[in-house]
Amino acid sequence: MAALQQYEVWFVTGSQHLYGEETLREVADHARVVSTGLNASSVVPVDIVNKPVMTTADAIEQLCLDANAAPNCIGLITWMHTFSPAKMWIPGLRALQKPLVHLHTQFNRDIPWDTIDMDFMNLNQSAHGGREFGFMVTRLGIEREVIVGHWESPDVHAELAAWMRTAAGRAALRRARIARFGDNMREVAVTEGDKVEAQIRFGYSVSGYGVGDLAAAVDAVQDSDVERLMEEYEVQYTLADELKNGGERRDSLREGARMELGMLSFLKDGAFSGFTTTFENLYGIPQLPGLAVQRLMAKGYGFGAEGDWKTAALVHTMKVMASGLSGGTSFMEDYTYHLHPNGMKVLGAHMLEVCESTAAGKPSLQIHPLSIGGKDDPLRLVFDTQTGPAVNVCIVDLGHRFRVIVNSVDVTESENTPKLPVAKALWKPHPDLKTAAACWILAGGAHHTGFSLALRPDHFRMLASMLDIECIMITHNTTVSEVRSQLRWNSTYYDQKRI
Ligand code: MN
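This is a predicted model, so every value here is computed, not measured.

Asks: A description of the overall build of the protein chain should follow, citing residues and the corresponding values.
Replies: What the protein chain contains, in helices and strands, is 15 helices and 19 strands. For 499 residues, the compact-globule estimate of 2.2 N^0.38 gives 23 Å, and the protein chain sits close to it at 25 Å. Along the longest, intermediate and shortest principal axes, the C-alpha atoms of the protein chain span 85 × 55 × 45 Å. The 499 residues of the protein chain split such that 55% are buried. Pairs at least 24 apart in sequence give 77% of the contacts found in the protein chain among residues at least 6 apart. Taken as a whole, the protein chain presents about 21500 Å² of accessible surface, with 50% of it coming from carbon and sulfur.

Asks: Explain the sheet that holds strand 9 (residues 274-276) to me, and be specific about the residues and the numbers.
Replies: In spatial order, the strands read 7-6-9-10; together these 4 strands make up an open sheet with parallel pairing. Each of the sheet's edge strands pairs with one partner strand only, and the pair in question is strand 7 (205-209) and strand 10 (302-304). Neighbour-to-neighbour, the strand axes of the sheet open up by a mean angle of 20°, direction not taken into account. Note: strand 9 against strand 10, 3 bridges, orientation parallel. Of the residues in strand 10, the one forming a bridge with Thr276 is Gly304. Where helix 10 (residues 250-269) meets the sheet, its contacts fall on strand 6 (177-181), strand 7 and strand 9, and the angle it forms with strand 6 comes to roughly 140°.

Asks: Go over the packing of helix 6 (residues 154-175) against helix 12 (residues 309-321), please, and point to the residues and values.
Replies: Packed helix pairs are specified by the crossing angle of their axes together with the interaxial distance, meaning the distance between the axes. Their axes nearest at 8 Å, the elements helix 6 and helix 12 cross at an angle of 140°. In terms of their interaxial angle, helix 6 and helix 12 are classed as oblique. Read as a crossing pair, helix 6 and helix 12 show a hand that is right-handed. Here Arg165, Thr166, Ala168, Gly169, Ala172 and Leu173 of helix 6 lie close against helix 12, whose contacting residues are Ala313, His316, Thr317, Val320 and Met321. In terms of residue class, the contact of helix 6 with helix 12 is built from 6 nonpolar, 4 polar and 1 charged.

Asks: Any chance you could break down the environment of Trp10 for me, citing the residues and the numbers?
Replies: Position of Trp10 among the secondary structure elements: in strand 1 (residues 8-14). A C-alpha to C-alpha distance of 39 Å links Trp10 and Ala425, two positions 415 residues apart in sequence. Setting aside residues up to four positions removed in sequence, Trp10 forms contacts with Val49, Lys51, Leu63, Asp66, Ala67, Ala70, Cys73, Gly75, Leu76 and Ile77.

Asks: With reference to specific residues and values, describe the coordination of the manganese ion.
Replies: Protein-derived coordination of the manganese ion comes from Glu306 (OE), Glu333 (OE), His350 (NE2) and His448 (NE2), at a distance range of 2.1 to 2.2 Å. Each donor residue of the manganese ion belongs to the same chain, and together they define the spacing E-x26-E-x16-H-x97-H. Linking Glu306 in the loop between strand 10 and helix 12 with His350 in the loop between strand 12 (345-349) and strand 13 (364-367), this pair joins segments that are 44 residues apart in sequence. Since its relative accessible area comes to 8%, Glu306 is described here as buried. We classify His350 as buried; its relative accessible area is 4%.

Asks: Can you tell me about helix 7 (residues 195-202), naming the residues and giving the values?
Replies: Because the α-helix completes a turn every 3.6 residues, residues three or four places apart line up on one side. Where helix 7 starts, the residue carrying a side-chain oxygen 3.0 Å from the main-chain nitrogen of Val196 turns out to be Asp194. Phi for Gly203, located one or two positions after helix 7, is positive at around 100°.

Asks: Talk me through the nonpolar core; I want residue IDs and the actual numbers.
Replies: Counting residues in hydrophobic clusters, the biggest one holds 31 residues, and the most contacted among them are Tyr233, Leu243, Leu253, Leu365, Trp427 and Phe451. Going through the elements one at a time, helix 9 (223-236), helix 10, strand 13, strand 14 (379-382), strand 16 (402-412), strand 17 (424-429) and helix 13 (433-442) are the ones with two or more residues in this core. It is helix 9 that contributes the most residues to this core, 4 residues altogether. When residues no more than four places from it in sequence are discounted, the contact partners of Trp427 are Met332, Glu333, Asp334, Lys345, Val346, Gly348, Asn392, Val409, Asp410, Val411, Thr412 and Phe451.

Asks: Describe the domain arrangement of the protein chain, listing the residues and the values that go with them.
Replies: Per the domain assignment, the segments of the protein chain are domain 1 (4-174) and domain 2 (176-498). With 16 residues of domain 1 in contact, the opposing surface of domain 2 contributes 22 residues. Contact between domain 1 and domain 2 buries roughly 1700 Å² in total, counting both sides, with carbon and sulfur atoms accounting for 59%. Our count for the contact surface shared by domain 1 and domain 2 stands at 1 salt bridge. Note that Arg461 is salt-bridged to Glu145, the shortest N-O span being 2.8 Å. Counting across the domain 1 and domain 2 interface gives 8 residue pairs in polar contact (both at pLDDT 80 or more). Sort the elements by how many residues they give to the side of domain 1 that touches domain 2 and helix 6 lands first, with 11 residues. Taken together, the residues of the side of domain 1 that touches domain 2 sort by class into 9 nonpolar, 2 polar and 5 charged.

Each value, and the rule that gives it
Residues numbered from 1 in each chain as written. Predicted model: local features only at pLDDT ≥ 70, side-chain atom pairs only at ≥ 80, totals over all residues. Heavy atoms only, no water. Helix = DSSP H or I, 4+ residues; strand = E, 2+ residues; numbered from the N terminus. Rg over C-alpha atoms; globule rule 2.2 N^0.38 Å. Buried < 20%, exposed > 50% of the residue type's maximum accessible area, 1.4 Å probe, protein only. Contact = heavy atoms within 4.5 Å. Areas by Shrake-Rupley, 256 points an atom, 1.4 Å probe, with all protein chains shown as cover. Pairing = 2+ DSSP bridges. Axes fitted to C-alpha atoms, helices over the stretch in contact; angles between N-to-C directions. Parallel < 35°, antiparallel > 145°, perpendicular 65-115°, else oblique. Left-handed = near helix turned anticlockwise from the far one by under 90°. Nonpolar A, V, L, I, M, F, W, Y, C, P; charged D, E, K, R; others polar. Donors = N, O, S within 2.8 Å, 3.2 Å for Na, K, Ca; no water. Polar contact = N/O pair within 3.5 Å; in protein donor to acceptor, adjacent residues only side chain to side chain. Core = buried A, V, L, I, M, F, W, Y, C linked by side-chain atoms within 4.5 Å. Domains from an automatic or database assignment. Buried area = accessible area lost by both parts, 1.4 Å probe. Salt bridge = Lys/Arg side-chain N within 4 Å of Asp/Glu carboxyl O.

Shown next as structure tokens:
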């Protein structure tokens, strides 16, 4: 699966010829020190490649064209060490098709009060060089991030890391391939959408397959591989007695392992990054894949239930963005509410398909009937998720454009639910359930989400900015009236943009 190691970002320092050779050599030295220093930060997840100092319009344009053509370059970090007259940047910035972050930093952290002279002031000019550059990016209407602070400070590293993770998510989204086993759950609206527009806007493709195609891949699985995978289950999970060796439902476990291997080989053969299933299309498949889906998500595959390809692509992207962070990321659904006046909460779950990367402890592997679908009892991993800050995110198709909606939540300890054998999470949305649910619904937010204990709302604000789509954030200080206004203003903004 795609990992962050395959990506790089380019570190581009702006200057001009007027300073002379000696100063430009010093600028280049400083750029090396800064890019090496950023690379050495433990939170920076993607390789930073230092590029030559830019002093002409031609060099800048060539660099931007090279960045567009380099498949592993996911974006540019720009730094105006000195003054870099911004007319020089017009051709390059107009050509640039990769995400841009403006690192507004200075080589020297402190002003050396006793020794500062004109030479020092002329060399450390980010304060006005960065403004000249920023004007041009704004004038050209280019979406970008601006990160301000000394390059050695941890908050700058953290902001840069978040931008890099988001840029990697965008890059992964562009090349993702989603397989749909069966179509949409009949009559469901929010899981539908315009796949052509999605490919134009996001880059990923969505292809449908008959469930029989998957059944053939499942049938082709070798018995010896099935046995090996069952041994892996024994090590990783606490098996229900009936699934253990000699247990009366051992054969169902065998079916489940075969299904997982069949799905995995199908996804690998087609170089897919995510997939959807639907319980209404299971012809040739004995049980709704629960365990298999939970484990494939843990390998980095995106997933959406009931044909939800938008969420499958989103979950895959989130997995790339969260790669290497603790916390876990999964497909999720707002399932049922706890509306007690002393603390309203959401119970998040799905029928089966919650990724084991979110599990708090060792999951237990169980088999129970499903009250929907009319197939054999499905296997599933049962666990409560980890606790702590998390996000729920969805992308909806409004017909002529897409909208991202993100809500920050606090995942709390789950209650014991002896008669509900599913993987589940219990959370308090920000700012509170009453406000969050009203805002989410007014924004047209879906019941399916990407859920992550590793990512934060700002990742999705940046992702939406990189994709040039709307983002509604529901966080600590959000109010319903503010979101109502945003939705109205944004519709004017985005409708005008189309013209
Ligand atoms: Mn669902």
